[in-house]
Every structure is written in C-alpha cells, then in structure tokens.
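# Commentary on secondary and tertiary structure
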Amino acid sequence: MIYPTARAIALAALGAPVALAAGLYAGGVWPVAAGWGALIAGLVVVDAGLGASRRRLEVEVDAPRVLSAAGRTAGMVVHLLFRRGLAPGRAEVAVSANDRLAVLPDRRVGRVEKRTATLALRLRAVRRGEGRIDRLWVRWTGPLGLAFKQRTVEAPQTIAVIPDVAGAKEEAIRLFSRDAAHGQKIEFDRGEGSEFQALKEFEAGMDPRSIDWKQSARHRQLLSKEYRTERNHPVYLVLDTGRLMCEPVEGAPKIDRALNAGLLLGYACLRMGDRVGLFAFDAKPRVSSRPVSGVRAFPALQAVATRVDYSTEETNFALGLTSLSSELDRRALLVVFTDFADQVAAELMMEPLTRLAKRHQVMFVVFRDQELEDTARAEPLEPDDVSRAVVAGALLRERQTVLTRLRRLGVEIVEAPLERAGAALIARYLDLKRRDRL
C-alpha cells in the first residue's frame, strides 16, 4: 500500500493559495490547480519509486514461546532488513495479537541504520491460554518524505500463557526435601512401600514385623527388611472447567487457582519419579494428555495446561469422568479439582466418583469458601444479615454432608484455603505415598 504523508498533504494545501492566485492572474483557475495537484502527485509517485522495495523487505520476529502469569510482560523484538531501494531513515511497526496478549506500545518507531532496524516491544499476558500474534504492519517513507509505503506481514506465532508458577519449584522442594534435625535430608522414597530395598540391622523402635527371621538366623543377628515406596505411579490432574470453576474468587478464577496448585503437585510428583497427566472437561472432555515422566517434562505439562480454557457450560460429570475411566489402563491417583453449589449438583458427580473410587485412588480437592464462612459467622446487624447467615450455614452443612459421604467411599478429601492448597496437596500426596496407597 502506498499513500501520501502529512508532508505531502501540507505541501499541497500550502501551495493551493499560490495556485489560485496564479490561476486568477492567468485567467484560468482549474488548469493551474490541476497542474499543481499533478505536480504533487508526481512527486509522491517518484518518492515511492525511489523508496525501499516492499517485496524485498525481510521481517523477522523474535518473541517468547512461553509467557508466565497474567499481568507479566516479556520482550519482543522485530528485525527489519531493506534489501532494495533507498533505505528510509525511520521505520514504524504495529503488531496485532489476540485477546490473550497485549502489545505495548501499540506501535513503535525506530531508526534504520545500514538498511536494518531493530524495534523492541513488550508483550503483556492478559489472561491464561494460547496467545497468538497474527500479523504485523510495517511502514516507512521515501527519501523525500512524501509517500508512505506499507506492507502487511502474516507472522502467526503461538505464545503459551501459563499460570504463575515462578515459585512452584522452590516451594515443592521445600515441602518434600526438608532437612532433618541433624542436618541430614529425609529420604521420602523409603517408607511403608512394597518394594524391597535392603536388609538393615534391627534397632529399638523399629517395627518387629519387618524382621526377616530367616536371614537373621543365617547371620546370627536380628535383621529387618527396609522397603522403599514404588515409583512410576500414574497421577492425573482432573480439572472441572465448568461454569462454577470459572467464577472469580479473590481476583482470579477458581480454575486458575486449581491449575496453580495442580502444577505445583505435578512438579513434586515428577521429582518423586511418578508420571503426571492432565484431563479437563466441562460439558464434554476438552483436554487429555498421556502421563509424562521426569522433571524435564514439566514444561510439556505446562504447555498442556495452557489448553485448558474457560467455559460457561454446566459440568457433565457422568460423561467427563466416564471418558477418563475409559482411558485408564491401570490403577492411578486421580486428583479431582471441582466445585458444587448444593446437594443436587453433588448427586450428579457422586455416582461416577463412586465407580472411580472402586479401582483408583481419588483425591478430591475443594477450596474453602472463605466468603461463605465469614457470612455464616458474621454478627447480624439487621434482619437481612440473619437471612444471609442462615442460608450460608445451610450451604456449609450441605457441603460437609457431601464431603462426609465421599470420605466413606475411600476418597481422600483435601479442603484448604486458596493460598495453602498447593502445600496441602503435596503433604497429602506424600502421606499416600508413604502408606503405599497409590
């Protein structure tokens, strides 16, 4: 695209009175005005022809592949190379992105030196998901500054906007690698597992049932068996992405809180040698990934988490959990992140959870509703406060009734405040691992 600059328009406007006066003096206004307009148009065409070629412009975009945490920014660089024609003194770039990203500033002007220009912009994460850069607009002027030349460059790039897990690794390491009283690290892979580790001399305080009498008779001293917890267990993060989980709480949707806690647990599981997968559903299954293993697979797990989108649909527990059950070929730990408003909604998920609990170890994660608890305990100052407290108390009692029924089915319940959900999950996971419940 080629169009006149503000300088060309100003030149035409400033010359209009002179052309009008000359036309009146010569007795013909329109020929002189047309001549002046043709002169300006010709200069614009000449300027455009002398300027750098649009076809030979090379554009390279250097953008991050992953952007962590909503509100964080990261650098983005656009490199320009003008191959043919007279290189401009300046070049301007504008970038278009989807609703997951914001480009700051909306346009950038940079100097062109030795036919190249480097323009730096900032990308800000607006919301979690898959951010996408669609296209760029580059424009520059000719050597006379009378014509703009513009080129639209299709540069599709996907940027994964992941939950904020900057401190997840450090917190996970602190939680399951604490130092003992004498400075020695506690080894959590040794516990009440079923995999034989070694024989050890029996000491006071050890479980007498661990004594190996046959080996003790052979070596003429009491020897006990030492076990270690098994590794390579499949752990699935099961995320309900329905309407209730997408409601905001303390400034962020519940599903984002669940992802933060789930990724923290996932990193701990990978460090402990287990395999971690992810499954998300609302009215139907949305995201499903096979378990990955090893700490190096954590970025891949983060990339899968970016595919978990927000939803306004009601959750279909029967379809979602049944689909998950059909994908599991062996016993697994299922960490279910969900929410329910009343007993009617809870009944819809009770039956599929009951079937899963018969074969798998289910961990049910519920965020404590601090607002509801505060409403139930608040001192009433007017009649409406009494009504609100009664309703809040009834909802809390229904919630505890549902959780009690799940406990009777053998489901592990993790009910924790938002800021402590990740730590509570890791503590319960390590407890299950020590007791060989996975």
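Residues numbered from 1 in each chain as written. Predicted model: local features only at pLDDT ≥ 70, side-chain atom pairs only at ≥ 80, totals over all residues. Heavy atoms only, no water.

The helix and strand inventory of the protein stands at eleven helices and 20 strands. By residue count, 43% of the 438 residues in the protein fall in the buried class. Within the protein, contacts between residues separated by at least 24 positions form 72% of all contacts whose residues are at least 6 apart in sequence. Looking at the protein as shown, the accessible area adds up to about 23,300 Å², and 52% of this sits on carbon and sulfur atoms. (Helix = DSSP H or I, 4+ residues; strand = E, 2+ residues; numbered from the N terminus. Buried < 20%, exposed > 50% of the residue type's maximum accessible area, 1.4 Å probe, protein only. Contact = heavy atoms within 4.5 Å. Areas by Shrake-Rupley, 256 points an atom, 1.4 Å probe, with all protein chains shown as cover.)

With that out of the way, let us pick up the nonpolar core. Core analysis: the biggest nonpolar cluster contains 41 residues, and L239, L278, V335, F337 and L425 have the highest contact counts within it. Listing elements by their share of this core, those giving two or more residues are β13 (234-240), α5 (254-271), β16 (275-281), α6 (298-305), β18 (333-337), β19 (361-367) and α11 (421-434). At eleven residues, α5 tops the list of elements feeding residues into this core. (Core = buried A, V, L, I, M, F, W, Y, C linked by side-chain atoms within 4.5 Å.)

The subject of this paragraph is the packing of helix α8 (residues 343-359) against helix α10 (residues 383-408). Contact pair α8 / α10: the axes reach a minimum separation of 11 Å and the direction vectors enclose 10 degrees. With respect to each other, α8 and α10 are oriented roughly parallel. Contact with α8, carried on its side by Q343, A346, E347, M349, M350 and L353, involves E398, T401, V402, R405 and L406 of α10 and no other residues of that element. (Axes fitted to C-alpha atoms, helices over the stretch in contact; angles between N-to-C directions. Parallel < 35°, antiparallel > 145°, perpendicular 65-115°, else oblique.)

On to the pattern of salt bridges. Under the defined criterion, the tally for this structure stands at 24 salt bridges. A cluster of three or more residues bridged by salt bridges with shared partners is formed by D99, R100, R127 and D309. (Salt bridge = Lys/Arg side-chain N within 4 Å of Asp/Glu carboxyl O.)

Take the environment of G142 next. Relative to the elements of secondary structure, G142 occurs in the loop between β9 (129-141) and β10 (147-162). It is 8.9 Å that separates the C-alpha atoms of G142 and G89, two residues lying 53 residues apart in sequence. Look past the residues within four positions of G142 in its chain and what remains in contact with it is D47, G51 and A147.

We now examine α5. Taking 1.5 Å of rise per residue, 18 residues should cover 26 Å, and α5 covers 26 Å from first to last C-alpha, within 8% of that figure. For α5, a buried count of 15 out of 18 residues is recorded, marking the element as mostly surrounded by other parts of the structure. Just downstream of α5 lies G273, where phi reads positive at about 95 degrees. (Expected span 1.5 Å × (residues − 1).)

All right, on to the sheet that holds strand β4 (residues 73-82) then. Ordered in space as β2-β4-β8-β6, the four strands form an open sheet in which the pairing is antiparallel. Edge positions in the sheet fall to β2 (57-62) and β6 (101-104), since each of these pairs with one other strand and no more. Averaged over all pairs of adjacent strands, the angle between strand axes in this sheet comes to 25 degrees, irrespective of strand direction. (Pairing = 2+ DSSP bridges.)

With respect to the helices and strands, D240 occurs in strand β13. K254 is the oppositely charged side chain nearest to the buried, salt-bridge-free D240, at an N-O distance of 9.2 Å. A distance of 2.8 Å separates a polar side-chain atom of D240 from the backbone nitrogen of G242. A distance of 2.8 Å separates polar atoms of two side chains, one belonging to D240 and the other to T338. For D240, the residues in contact, after removing those within four places along its chain, are M245, I255, F281, T315, F317, F337, T338 and D339. (Lys, Arg positive; Asp, Glu negative; His and termini not counted. Polar contact = N/O pair within 3.5 Å; in protein donor to acceptor, adjacent residues only side chain to side chain.)

To continue, consider the sheet that holds β16. What holds strands together in a sheet is hydrogen bonding between their backbones, with the strands either parallel or antiparallel. The strand order across the open sheet built from six strands is β17-β16-β13-β18-β19-β20, with neighbouring strands paired in mixed fashion. With partners counted over all chains shown, the strands left at the sheet margins are β17 (285-293) and β20 (412-416), one partner each. If you compare each strand with its neighbour and ignore which way they point, the axes differ by 15 degrees on average. Of the strand pairs in this sheet, β18 and β19 are connected by five bridges, and their pairing is parallel. Note that in β19 the partner of V336 across the bridge is F364. On the sheet, α8 packs against β18 and β19 and is oriented at approximately 140 degrees with respect to β19. Across the sheet, α10 is in contact with β19 and β20; its angle to β20 comes to roughly 150 degrees.

It is worth spelling out the packing of aromatic side chains at this point. Summed over all chains, the structure comprises four aromatic pairs. Geometrically, the ring pair formed by Y267 and F298 is edge-to-face, given 5.2 Å between the ring centres and 75 degrees between the ring planes. Highlighted residues: Y267 in helix α5 and F298 in helix α6, separated in sequence by 31 residues. Just as Y267 is buried, F298 falls in that class too. With a centroid separation of 6.0 Å and 40 degrees between ring planes, the pair formed by F279 and F281 is classed as tilted. Of the two residues, F279 and F281, both sit in the buried class. An aromatic cluster is defined as three or more aromatic residues linked by ring pairs; in this entry it consists of F279, F281 and F317. In this arrangement the basic side chain of R128 is found over the ring face of Y310, its NZ or CZ atom lying 4.7 Å from the centre. Across from the ring centre of F340, 5.5 Å away, lies the NZ or CZ of R399, which sits over that ring. (Phe/Tyr/Trp six-rings, centres within 6.5 Å; stacked < 30°, edge-to-face > 60°. Lys NZ or Arg CZ within 6 Å of the ring centre and 35° of its normal.)

Before going further, it helps to spend a moment on the environment of T5. Looking at the element boundaries, T5 is found in the loop between β1 (2-4) and α1 (6-26). Placed 137 residues apart in sequence, T5 and G142 show a C-alpha to C-alpha distance of 9.8 Å. Filtering out sequence-adjacent residues up to four positions away, T5 remains in contact with T141, G145, L146, A147 and F148.

The predicted coordinates of low-pLDDT regions are not to be read in fine detail. Residues with a pLDDT of 70 or more make up 85% of the protein, whose mean pLDDT is 82. Segment residues 179-193: pLDDT under 50, and 31 contacts once partners within four positions in sequence are set aside and those in other chains are kept. (pLDDT = per-residue confidence, 0-100.)

Before going further, it helps to spend a moment on a nonpolar patch on the surface. A cluster of nonpolar side chains, namely L11, L39, L43 and L144, defines an oily patch on the protein surface of about 290 Å² accessible area. For L43, the position within the fold is in helix α2 (residues 29-50). (Patch = residues over 30% accessible without salt bridge, like charges linked within 9 Å, V, L, I, M, F, W, Y side chains within 5 Å.)

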